[in-house]
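Commentary on secondary and tertiary structure
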Amino acid sequence: MHQSKAHALAVAIGLAAMLGVSGPLFAQTATGSSSGAASGDRLIPLEVVINNTEGGQWVLLERNGALYAPEEAFEEWRLNRHPDTPVVDYRGQKWIPLSSAPGFEARFDYANQSVELVFSPQAFAATRLTEKVVVRPELTPATPAAFLNYDLSYTSSAYQDAPGNRELGALTELGLSAGGGVLTSSFVGHNLTSDDSSTVPSSWVRLETVYSRDFLDSNTTLRLGDSTTRRGSWGRPVYFGGLQLGRNFALTPGFISQPIPILSGTSGAPSTVELYVNDVLRQTSNVPSGPFTIDNFPLLTGSGDARIVVRDVLGRETVLDQPFFTHTSLLEQGLTDWSGEVGAVRNNLGISSADYGQRFASGMIRHGLSKSLTLEAQGEIGQSTQNLGLGAAYALPFQALGQAALSASQDQTAGAGTDWVLGVQRSSLHHGYSARIEGASVNYRQLGLSVLPYRMQISGNYTYTSDYSGSLGMAFARIATYDQGELTTFSGNYSTRVFNKSALTFTASRVVGSEEGYSFVVSLLMPLDNRINVTSNLTRRAGQTEGYVSASKNLGYDTGTGWRTLAGNRAGQNYGEGGFYYQGDKGLLTSDMSASAATQTVRLGAQGGLVAMDGHMFMSRRIQDSFALVEVPGYADVGVGFQGSVLTHTDKDGVALLPRLLPYQRNSVRLDPTELPISAELDSIEQVVIPPARSGVKVVFPVRSGRGALIHIKLENGEDAPAGAAIELVGDKEEFFVARRGEAFITGLQDKNTLRMRRNDNICSFEVRLPPGNPDDIPRIGPVTCVTQQQESPKEEGVQP
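Parameters and conventions
Residues numbered from 1 in each chain as written. Predicted model: local features only at pLDDT ≥ 70, side-chain atom pairs only at ≥ 80, totals over all residues. Heavy atoms only, no water. Helix = DSSP H or I, 4+ residues; strand = E, 2+ residues; numbered from the N terminus. Rg over C-alpha atoms; globule rule 2.2 N^0.38 Å. Buried < 20%, exposed > 50% of the residue type's maximum accessible area, 1.4 Å probe, protein only. Contact = heavy atoms within 4.5 Å. Areas by Shrake-Rupley, 256 points an atom, 1.4 Å probe, with all protein chains shown as cover. Core = buried A, V, L, I, M, F, W, Y, C linked by side-chain atoms within 4.5 Å. Phe/Tyr/Trp six-rings, centres within 6.5 Å; stacked < 30°, edge-to-face > 60°. Pairing = 2+ DSSP bridges. Axes fitted to C-alpha atoms, helices over the stretch in contact; angles between N-to-C directions.

So, on to the overall build of the protein chain. Looking only at helices and strands, the protein chain has two helices and 57 strands in total. By the compact-globule yardstick of 28 Å for 801 residues, the protein chain is too spread out, its C-alpha radius of gyration being 39 Å. Counting only residues that meet the buried cut, the protein chain has 39% of its 801 residues in that class. Long-range contacts, defined here as pairs at least 24 residues apart, represent 51% of the contacts in the protein chain between residues at least 6 apart. Roughly 42400 Å² of accessible area belongs to the protein chain as shown, and the carbon and sulfur atoms make up 54% of that amount.

Right, dumping it as structure tokens:
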């Protein structure tokens, strides 16, 4: 309770005792303000209840039958009032008529000196259930590390009417990471073991070399080297070498860039609000009386229906149905996304190591003008090609998204040209559709693309999904070119559930125009237990019928095996395929085989990684994400993992490499307690790390080594050591205590130990030798006598010894 309120309450109690609290109390609107005391003024201390909710003890003012409350009460009760409401000054305090709030009623209980105040829901300030502000956790410092990813593939093929061949290919990536960023370079090796000049010559080709660094404070990423330009709702990305700087919302995990739909309602009393999205309960919240809005549920994507069930303290229920719409192409109001690039176009990627073309500068910017409108602009300025375009993504009626763009180009050879795009799409629980049309003039050019554009592209699709009768889809596409005529495709599919878990799908397609053809496919998918799937497929095209039956077991997240088999008929020939796969904590091994009357092929593969960090070398799975060096000093073969899975084990030195950590997120690195010896003592078997992207961090679990023993301790007079006396192991920071009968359980003991016991101001010590035995055995030792230490008496000041 505020100090002024407490003081006023004390004064009012005294006045109430002298003057009494009886008298007319009516809810009337005040018509003026006064600086003096009117004849009917009285202060009344009351226990206040507001719309069935305790409001606390307050002093209210009665004047001429009208009831007033102090300003701070309006603030605490969240009551709205008109800014022109007259205010009364009484005894140096401002008082506001309660009748200025909509729907005001007062019901007094004189016996209990209480009042129940009732207001309409519109009288209260709105409650907003909003998403908590995303706070980025502090990063764990990165430890310098080097890693090498490899993907090796060996293929041997035999042909019926031609000589066979053998080929070894490799895809590698070398990376260096530290606190200042990550440097990576990737290479591909072609035909590394063949001397046959008729095949692809043996060679190594550089793919991409790039240094990247993230700036968390501004949510931006810098890339130096090979990369691709960013594009908005139209255009195509371009490989280039140079510099790129742009926004990266992924640096803040949990950040939602698209607009979050706002759902609203009103509660007449404190209530529980249940949010159902497409008939599924998603969230339960408590709200006070008054209007409320919900914009803290980030999984409201696409379009659909939300149902809000408001249930107050008396069990009364109100149901509100509201449609919602949002899309990833939209940005939250006021949010800006951008990217800029400077460099040279990369040509013949995978064929040439350093073939760079025209130099250019480009940029893209998107801005959320409102929750329903996002504008964007793109520009390219090259030595021979320039391009500039504007676009918009906007929310349409009936929960649909519209997109439009217009761009113009100027090319040194082709001249000036234009391109335009219009599109609409909608996706909901049962229905979805999209349509897009794009046209370009014959002279339109984009950076890195010198061929003729398509004259017109039209595409559309519709899908319907039923809870009982399956799903239906139809699609249409037409491409009109400037030099090769038109091509139109019609397709449709229907899928339904059979045999409880299985899915039967029918697909038909027809192509007309410069090329013509049709196909009809029937497929059956049957999922079984233990990640096993059985699939059968029958296809009719170009007057031929093909089909196959296959079974497979997919690899899981942890270590294990997988396999696949397939048998069928293709192009008039019988054929078969098979494969076996082993995934361990050090890599992935694959083997595949296919055979038909004309060709037999065997393919072997190996994928994995090598990591050098803090003086250690590890074999690992491919390093795609962040990783950690985990140390459990002195303890080998201890399971290490995160998110509930054991991914690796410590080596003979108690060290392990833990891959697949999530960058910029909280990762709980955990030891398997069942694999720790009973003599090992840890403060915690879990530590949380937040690593940078594709970087390594170090996690050390301090372990107290030694044995444990139950020691019976006696004093010099033969009595048991008193319970509660503190014991310290000399050279160890841990503290132990004596239990009943003078017994104490001590851990961290070596073969020979010195211990001290403190009771009140007395200190004694004793020696303990452990008998030989298993380190996990707990011996009983004693009784041992604790001998009091001799303490030097303090010297008196000025007295010589």
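Another point: the nonpolar core. Among the nonpolar cores identified, the biggest contains 22 residues, and Ile711, Ile713, Ile727, Val738, Ile746, Met757 and Phe766 are the most heavily contacted of them. Those elements that provide at least two residues to this core are strand S50 (707-714), strand S51 (726-729), strand S53 (743-749), strand S54 (752-759), strand S55 (762-769) and strand S56 (780-785). Those residues in contact with Ile727 that lie beyond four places of it in its chain are Ile713, Glu734, Glu735, Phe736, Val738, Ala744, Ile746, Leu755, Arg756 and Met757. Formed by 21 residues, the second largest nonpolar core is a distinct cluster that contains Ile44, Ile96, Phe104 and Phe119.

So, about the environment of Glu515. Relative to the assigned elements, Glu515 resides in the loop between strand S32 (502-513) and strand S33 (517-527). What makes Glu515 exposed here is its relative accessible area of 55%. In the structure, Glu515 is positioned 54 residues away from Asn569 in sequence and 25 Å away in space, judged by C-alpha atoms.

This part takes up the packing of aromatic side chains. Note on aromatic pairs: each is described by the distance of the centres and the angle between the planes. Under the definition given, this model contains seven aromatic pairs. Relative to Trp77, the ring of Trp58 lies with its centre 5.5 Å away and its plane at 75 degrees, an arrangement referred to as edge-to-face. Residue Trp58 is located in strand S2 (residues 53-63), and its partner Trp77 is located in the loop between helix H2 (71-76) and strand S4 (88-90); the two are separated by 19 residues in the primary sequence. There is no split in this pair, since Trp58 and Trp77 are both buried. With centroids separated by 5.5 Å and ring planes inclined at 80 degrees, the aromatic side chains of Phe240 and Phe360 adopt a geometry described as edge-to-face. Of the two residues, Phe240 sits in strand S15 (residues 239-247) while Phe360 sits in strand S23 (residues 356-370), which places them 120 residues apart along the sequence.

Sheet topology note: the strand S10 (residues 145-159)/strand S11 (residues 165-178) ladder contains 13 bridges and is antiparallel. Considered in S11, the bridge of Ser153 is made with Gly169. Turn length for the S10-S11 hairpin, with the two strands adjacent in sequence and antiparallel, is five residues. Of the strand pairs in this sheet, S10 and strand S39 (residues 599-613) are connected by 15 bridges, and their pairing is antiparallel.

Moving on, we get to the sheet that holds strand S42 (residues 639-642). What the four strands build is an open sheet, ordered S43-S42-S45-S47; its pairing is antiparallel. At either end of the open sheet lies a strand with only one pairing partner, and these are strand S43 (645-649) and strand S47 (686-689). Going from strand to strand, the sheet's axes swing by 30 degrees on average, the running direction of each strand aside. Sheet topology places S42 next to S43; four bridges connect them, and they run antiparallel. Residue Phe642 lies in a different strand from S43, and its bridge partner there is Ser645.

Pairing analysis gives three bridges linking strand S3 (residues 66-70) to strand S5 (residues 93-97), with the strands arranged antiparallel. Counterpart to Pro70 in the pairing with S5 is Trp95. Pairing geometry for S4 and S5, over three bridges, is antiparallel. Within S5, the position partnered with Asp89 by the bridge is Lys94. Between S4 and S5, which pair antiparallel in sequence order, lie two residues; one of them, Arg91, sits at a positive phi of approximately 55 degrees.

Relative to the elements of secondary structure, Ala680 occurs in the loop between strand S45 (667-671) and strand S46 (681-682). Setting aside residues no more than four positions away along its own chain, Ala680 makes contact with Tyr635, Val703 and Arg704.

With mixed pairing, three strands are arranged side by side in an open sheet as S53-S50-S56. The open sheet terminates on both sides in strands that have one partner only, identified here as S53 and S56. This sheet shows a mean twist of 35 degrees between the axes of neighbouring strands, independent of strand direction. One ladder, built from five bridges, connects S50 with S53; its direction is antiparallel. Looking at S53, one finds that Arg707 is bridged to Leu749.

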